Amino acid sequence: MSPDIARSAPSRPWRTAISQPGNQPQEADQLRELLRRPEYRRTLVLSALIGVPVSLLAFWFLVALHELERLLWQVLPERFGWAAPAWWWPLPLLTLAGAAVGLVATRLPGRGGHIPAGGLHPEGQSPAALPGVVFAALASLPLGAVLGPEAPLIAFGGGVALLFRALVRRPAAPGSNALLGAAGSAAAIATIFGNPVVAAVLLMEVAGVGGPRLFAVMLPALLASGVGDIVFTGFGRWTGLQTARLDIGLPRPSTLDTGDVVWGVLLALAVGAVVHLIVSGGRAVAGFVSGRPLPRTVLCALAAGACAAVYALTTGRTPEDVASSGQAALARMAADPQAWPAGALGAVLLCKGAGYALCLGSLRGGPVFPSLFLGGAAGLLAAPLPGFGVVPAMAAGMAAAAAAAMRLPVSSVVLVVLLLGNADSVPVVVLAVVVAFVVVELLPPGPDIPPLPPPGGGPPSAPGRAPRPVSSRP
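The structure displayed is predicted, hence computed values, not measured ones. (Residues numbered from 1 in each chain as written. Predicted model: local features only at pLDDT ≥ 70, side-chain atom pairs only at ≥ 80, totals over all residues. Heavy atoms only, no water.)

1. Some thoughts on the overall build of the chain
Logical step 1: If you tally the helices and strands in the chain, you get 17 helices and zero strands.
Logical step 2: Every one of the 474 residues in the chain was classed for burial, and the buried ones make up 49%.
Logical step 3: If you sum the accessible surface of the chain, you get close to 21300 Å²; carbon and sulfur atoms cover 69% of it. (Helix = DSSP H or I, 4+ residues; strand = E, 2+ residues; numbered from the N terminus. Buried < 20%, exposed > 50% of the residue type's maximum accessible area, 1.4 Å probe, protein only. Areas by Shrake-Rupley, 256 points an atom, 1.4 Å probe, with all protein chains shown as cover.)

2. With respect to the side chain of Asp321
Logical step 1: Considering the arrangement of structural elements, one finds Asp321 in the loop between helix H11 (293-315) and helix H12 (327-335).
Logical step 2: The exposure class assigned to Asp321 is buried, which follows from its relative accessible area of 3%.
Logical step 3: Once residues within four sequence positions are removed from consideration, Asp321 is found in contact with Tyr311, Ala329, Arg332, Trp340, Val348, Lys352 and Phe373. (Contact = heavy atoms within 4.5 Å.)

3. Section: the packing of aromatic side chains
Logical step 1: Overall, the coordinates contain eight aromatic pairs when judged by the stated rule.
Logical step 2: Centroid distance Phe80 to Trp82: 5.1 Å. Interplanar angle 25°. Geometry classified as stacked.
Logical step 3: Under the relative-accessibility criterion, Trp82 is labelled partly exposed at 27%.
Logical step 4: Taking the centre distance of 5.7 Å and the plane angle of 90° together, the rings of Trp82 and Trp88 count as edge-to-face.
Logical step 5: Overall, the relative accessible area of 35% leaves Trp88 in the partly exposed class.
Logical step 6: Grouping aromatic residues by their ring pairs yields a cluster made of Phe80, Trp82, Trp88 and Trp89.
Logical step 7: Stacked on the ring of Phe288, the Lys or Arg Arg296 has its end atom at 4.6 Å from the ring centre.
Logical step 8: The side chain of Lys352 reaches across the aromatic face of Phe373, ending 5.0 Å from its centre. (Phe/Tyr/Trp six-rings, centres within 6.5 Å; stacked < 30°, edge-to-face > 60°. Lys NZ or Arg CZ within 6 Å of the ring centre and 35° of its normal.)

4. Details of the packing of helix H10 (residues 258-291) against helix H17 (residues 426-442)
Two quantities define a packed helix pair, namely the angle between the helix axes and the distance between the axes.
Logical step 1: The contact between H10 and H17 brings their axes to 8 Å, and the two run at 35°. Crossing of H10 against H17: the hand is right-handed. Across the interface between the two elements, Asp260, Val261, Val265, Ala268, Leu269, Gly272, Ala273 and His276 from H10 touch Val428, Leu431, Ala432, Val435, Ala436, Val439 and Val440 from H17. (Axes fitted to C-alpha atoms, helices over the stretch in contact; angles between N-to-C directions. Left-handed = near helix turned anticlockwise from the far one by under 90°.)

5. A word on the packing of helix H16 (residues 409-420) against H17
Logical step 1: One way to put it is that H16 packs onto H17 with a least axis distance of 10 Å and a crossing angle of 145°. When you trace H16 past H17, the crossing you get is right-handed. Contacts from Pro409, Ser412, Val413, Val416, Val417 and Leu420 of H16 reach H17 at Val426, Val429, Val430, Val433 and Phe437.
Logical step 2: Across the contact of H16 with H17, the residue classes break down as ten nonpolar, one polar and no charged. (Nonpolar A, V, L, I, M, F, W, Y, C, P; charged D, E, K, R; others polar.)

6. Considerations on unusual backbone geometry
Logical step 1: If you check the backbone angles, Arg111 has positive phi at about 60° while not being a glycine.
Logical step 2: Mapped onto the elements, Arg111 comes out in the loop between helix H4 (90-107) and helix H5 (130-140).
Logical step 3: Its identity is not glycine, yet Arg407 carries a phi of approximately 55°, on the positive side.
Logical step 4: Following the sequence through the fold, Arg407 ends up in the loop between helix H15 (390-406) and H16.
Logical step 5: Residue classification places Arg407 among the buried positions, given a relative accessible area of 8%.

7. Thoughts on the confidence of the model for the chain
Logical step 1: Mean pLDDT over the chain: 79, with 73% of residues reaching 70 or higher.
Logical step 2: Every residue in residues 1-19 is under pLDDT 50, and counting partners more than four places away or in other chains gives 31 contacts. (pLDDT = per-residue confidence, 0-100.)

8. Things to note about helix H14 (residues 368-382)
Logical step 1: Helix length check: H14 (15 residues) gives 21 Å between terminal C-alpha atoms against 21 Å at 1.5 Å per residue, within 8%.
Logical step 2: In terms of burial, H14 is largely enclosed, as 14 of its 15 residues are buried. (Expected span 1.5 Å × (residues − 1).)

9. As for the state of the cysteines
Logical step 1: Scanning the entire structure with this criterion turns up zero disulfides.
Logical step 2: Counting only cysteine sulfurs, Cys307 is the nearest neighbor of Cys359, a cysteine outside any disulfide, at a range of 8.4 Å. (Disulfide = S-S within 2.5 Å.)

10. Quick look at a nonpolar patch on the surface
Logical step 1: A cluster of nonpolar side chains, contributed by Val52, Leu56, Phe59 and Trp60, occupies part of the molecular surface with about 450 Å² of accessible area.
Logical step 2: The topology assignment puts Phe59 in helix H3 (residues 38-79). (Patch = residues over 30% accessible without salt bridge, like charges linked within 9 Å, V, L, I, M, F, W, Y side chains within 5 Å. Salt bridge = Lys/Arg side-chain N within 4 Å of Asp/Glu carboxyl O.)

11. Here we look at the side chain of Thr106
Logical step 1: Residue position: Thr106 is located in helix H4.
Logical step 2: Residue Thr106 is classed as buried on the basis of its relative accessible area of 17%.
Logical step 3: Looking at Thr106, its side chain comes within polar contact range of the main-chain oxygen of Gly102, at 2.8 Å. (Polar contact = N/O pair within 3.5 Å; in protein donor to acceptor, adjacent residues only side chain to side chain.)

12. Description of the nonpolar core
Logical step 1: If you look at the biggest cluster of nonpolar residues, it comprises 117 residues, and the most contacted ones within it are Ile189, Phe193, Trp340 and Leu372.
Logical step 2: When sequence neighbours within four positions are dropped, the list of residues in contact with Ile189 reads Glu150, Leu153, Ile154, Ala199, Leu202 and Leu203. (Core = buried A, V, L, I, M, F, W, Y, C linked by side-chain atoms within 4.5 Å.)

Quick look at the structure:
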């Protein structure tokens, strides 16, 4: 929300936002007034135009990341006659990634984007930062960083949107930078999540629309609706009676039972606490790296490669299970859970968790996809518990991990539900998100992230805490 628009909205508790009975909510009058402003209508038109180049460029950016990753982790090992990359393969790749990111962070404007351990946020979007964001992402993600592409896409989309506005020589109205940056970020992030709804909800929470009041209202609403859906579904099974439902007749999986709900809540407690510990470790790594960014980034990246090498040596599986975002591995895990024995799941949780913490504090990328993989692996490991199914177990684990890593509860629910494509798992997802989010917010927040020195050396530009997600405590 732009500053001028935010100032025009009256400050009042949420419960007084409804006008007198029989009248429309006051927000409807405010929205109508906003839409009547010519400058806002021009911003809407420009946002629609911006969506075209941003989406195209984001698409080719993701294609470049994918093709580089395929070249480094599939084509080159096959040229050497290997069915899978050798155990030592991540070591030189991630060392190179650390050197490249360290140089970008110390030499280019924008430092390659924000540090992933700080969470998702839209700060720092500018055309000047675009080269550093692109180079750091290309150096981190294809070479094996345990990170996803969502944070670079947010910075990339916002920067391209502002660059496009400058190219067409549109004057900057008050607050329009924030609106156009958010529009560009949403257009870019939709390309990886494959759904504009996820992008819109994610950017709404990342940008802090509604502030703490949004979370104060949404958490009880999410919890009550999740419990209500469980009771409603269970009561329908017990009585044999039916009510009208929004159902078009698609096949439905087996209905959730008590074991799924109870074990799902307990799993969310554990996964939320562990992922929070990993993210706190990433913040500590960021503090370590800030002292001497270039050599310590290389050291941390090499240590992340060692985690993948240890996993490959101990399990005989590909090191790519650890040295990657986990997006492709999660799809394989969901398609063939039997291919992951308990030993492999335990090893990948330990090694990928350690590599995730190291990359969160040193390289550039996003925290979402590795957390989803870790949550899915934890759920699959817990699935043999009595009364626990594979689908609800993975759903609860992924939801809890996403909420703990992003600290964006509504976005976590929407993302995991759309990834699962399974409406019957929604209650477990909602409960897991709320439980994990509350656990994370009640735990100590972890160390501050010191600012990096400005490009070219010199003292840090601003002391204090690095930007954090809006839902984090001050």
